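# Tertiary structure, described
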Amino acid sequence: MPDLLQIAMLPPDLIERLGRDFTIHDFIDPKNPEQVLNEIGPRIRGILASGIRGPQADLIGRLGQLEIIASFSVGFDATDVATAQRRGVIVTHTPEVLTGDVADLAMAFILMAPRRIGEAERFLRTGSWRHRRMDLGTTVKGQRLGILGLGRIGKAVARRAVVFGIHVNYHDIKPMGDLPYRSYPSIMDLAEASDMLLVACEGGAATRGLVDTKVLEALGPNGFLINTARGTIVDQSALITALKDGRIAGAALDVFDGEPRVPAELMEMDNVVLTPHIASSTHETRRAMGDLVYDNIRAHFDGKPVLTPVPSQILTNELGSRHVAGTTTAPRDCTLRRGGSVDFRGRHSV
Ligand code: 8YV
């Protein structure tokens, strides 16, 4: 039975299923990692990871027989994919199956933030209703939603938002062709034209701190920031300052930089909706994600192509004509524009 290293918390039924065909080594919180790696490292052929916890170059380098990293997530920013792929290690993720649930949470946030639904619930539960009326919210219909990263999830949110009479605009790295949404050439342009800015692009080094003070100021005092992608994409201290100073109206956040730690300042703000990274947390979606992880691992060890490989993250000039990690997909040029000016390479929407 091939040996797999489990480095992230995963659904017990997935581990039980995999455990019938593979020897799984729990490496989530090892007391003595060095000793464990010396002992079993040379036998490990696969890693089980998540969107929060994936292997970096040091761990990948320790596992000479590593063939596959299967991530229980669509986002693969927690894994050093380029290092793995340069070594010919296949990386898989779980796209598509979670799109609907993530888009549903984003849509719920789009309704909750301007209608002050979180605040309203606290208002009632704490007994304030007996003494006074709550402040008014903002009508959602007619609002302009700016989507940063119009990938699978961004598009699914757009379709939902249109039903509510929301005007959808977006910024992405590539022209999207014939879509009924307006494309803006930079994040700043998009923020300026938005009442709500939804972060729906990939996490990772290329998008770290992309939503900064300037973007938040462009969003403006009546604007809401919504993030169901990755906490790292938003400069969290800039966001806290903008909220404190009233430079934006509010926020709805499912993800945080440094989660599960959430800054106390955010916890205290009434105009901020906070959830603990639950966008894909339904029985149905988690089951489908687990099935996809299982099917990818099973396919690989049966000598078949994996179902959902992460596209190559190796830069074109580095790639040449090499066949990388089970896919020949060349990396896409990324031009999400910081502050409306500088282009940089990276990845876009999930
Ligand atoms: C999961 C995620 O919550 O798919 C992603 O990128 O972040 C989430 O679906 C995460 O992988 C579970 O640890």
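Each remark here, short or long, concerns the structure printed above.
The notes below deal with the structure included here. (Residues numbered from 1 in each chain as written. Predicted model: local features only at pLDDT ≥ 70, side-chain atom pairs only at ≥ 80, totals over all residues. Heavy atoms only, no water.)

## What about the site of the ligand?
The criterion, for reference: One heavy atom suffices: a residue is near a molecule or strand as soon as one of its heavy atoms comes within 4 Å of it. Counted as a polar contact is a pair of N or O atoms within 3.5 Å, where, for protein atoms, one must be capable of donating a hydrogen and the other of accepting one, and residues adjacent in sequence contribute only when both atoms are in side chains. For accessible areas, the Shrake-Rupley method is used with a probe of radius 1.4 Å. Any residue's cover is judged against the shown protein chains and nothing else. A 1.4 Å probe that fits but cannot get out identifies a cavity on a 1 Å grid over protein atoms alone, an open set with protein on both sides within 12 Å along at least five of seven lines counts as a pocket, and a residue lines either if it has an atom within 4 Å of a point. Those molecules having more than half of their atoms within 2 Å of a cavity or pocket grid point set are described as sitting in that cavity or pocket. Basically, the charged four are Asp, Glu, Lys and Arg, the nonpolar ten are Ala, Val, Leu, Ile, Met, Phe, Trp, Tyr, Cys and Pro, and anything else, Gly included, counts as polar.
For the ligand, the set of nearby residues contains 13 residues, the closest of which are Val74, Gly75, Arg230, His277 and Ser280. At 2.8 Å from an oxygen atom of the ligand is found a side-chain nitrogen or oxygen belonging to serine 280. Contact with the protein chains removes 89% of the 330 Å² of surface that the ligand exposes when unbound. More than half of the atoms belonging to the ligand lie within 2 Å of the grid points that define the largest pocket. Partitioned by chemical class, the residues of the shell around the ligand number 5 nonpolar, 6 polar and 2 charged.

## Observations regarding the pairing of strand β11 (residues 250-253)
Threshold: Classification of residues uses two cut-offs on accessible area relative to the type maximum, computed with a 1.4 Å probe and protein chains only: under 20% is buried, over 50% is exposed, and between them is partly exposed. Each helix corresponds to a stretch of at least 4 residues labelled H or I by DSSP, and each strand to a stretch of at least 2 residues labelled E; elements are numbered beginning at the N terminus. Note on pairing: two strands pair once DSSP finds at least 2 bridges between them.
The two faces of β11 match: Gly250 and Ala252 on one face and Ala251 and Leu253 on the other face are all buried. Inspection of the sheet shows β11 paired to strand β12 (residues 272-274) by 3 bridges, in the parallel sense. Opposite alanine 252, over in β12, you have valine 273 as the bridge partner.

## Comments concerning the nonpolar core
Put simply, the rule reads: Throughout, nonpolar core names a set of buried Ala, Val, Leu, Ile, Met, Phe, Trp, Tyr and Cys residues whose side chains join them through atoms within 4.5 Å. Delimitation of the domains relies on an automatic or database domain assignment. Should any heavy atoms of two residues lie within 4.5 Å, those residues are counted as being in contact.
The biggest cluster of nonpolar side chains holds 49 residues, and the ones touching the most others in it are Ile110, Leu145, Ile147 and Ile297. In this structure, this core is formed jointly by two domains, domain 1 (3-97 + 282-319) and domain 2 (99-274), each of which donates at least three residues. Residues in contact with isoleucine 297, not counting those within four places in the same chain, are Leu4, Leu18, Phe22, Leu48, Ile68 and Ala70. Ranked by size, the runner-up nonpolar core spans 32 residues in total, among them Val215, Ala218, Val234 and Ile240.

## Description of the pairing of strand β3 (residues 44-50)
Filter applied, for reference: Looking down the strands as they point away from the viewer, one classifies a crossover as right-handed if the path from the first strand across the helix to the second runs clockwise.
Taken across its 7 residues, β3 has 6 buried, putting it largely inside the fold. The pairing of strand β1 (residues 3-6) with β3 spans 4 bridges and is parallel. Bridged to aspartate 3 within β3 is isoleucine 44. Sheet topology places β3 next to strand β4 (residues 68-72); 5 bridges connect them, and they run parallel. Within β4, the residue paired with serine 50 across the bridge is phenylalanine 72. Read from β3 through helix α3 (residues 57-62) to β4, the crossover connection turns out right-handed.

## Some words on the layout of surface pockets
Note the threshold: Grid points are joined across faces, edges and corners, and a volume is the space filled by probe spheres set on the points.
In this structure, the largest pocket occupies an estimated 830 Å³ of space. Lining the largest pocket are 40 residues, and of these Ile52, Glu259, His277, Ser280 and Arg286 sit closest to its centre. Here the residues of the lining of the largest pocket are counted per class, giving 23 nonpolar, 10 polar and 7 charged. Counting contributing residues per domain, the lining of the largest pocket is built from domain 1 (3-97 + 282-319) and domain 2 (99-274), each supplying no fewer than three.

## Let's talk about helix α1 (residues 12-19)
Note the threshold: Regarding the arc, it is the one traced by the directions from the helix axis to the C-beta atoms.
Looking at α1, one finds that the buried residues are Leu14, Ile15 and Leu18. Taken around the axis of α1, the buried residues stretch over an arc of 95°, which confines them to a single face. Projecting away from the buried face of α1 at angles above 90 degrees are the exposed residues Pro12 and Glu16. Where α1 is buried, its residues touch β1, β2 (23-26), β3, β4 and α12 (283-301).

## Concerning the sheet that holds β12
Convention followed: As a rule, the C-alpha atoms of each element are fitted with a line to give its axis, helices using only the stretch in contact, and angles between N-to-C directions run from 0 to 180 degrees.
With parallel pairing, the 7 strands of this open sheet are ordered in space as β8-β7-β6-β9-β10-β11-β12. With one partner strand each, in any of the chains shown, β8 (182-183) and β12 form the two edges of the open sheet. Inspection of the sheet shows strand β6 (residues 144-148) paired to strand β9 (residues 196-199) by 4 bridges, in the parallel sense. Among the inter-strand pairings, glycine 146 is bridged to a residue of β9, identified as leucine 197. Its contacts with the sheet place helix α7 (residues 152-163) against β6, β7 (167-171) and β9, and it is angled at close to 170° to β6.

All quantities given are derived from atomic positions and should not be read as evidence of function.
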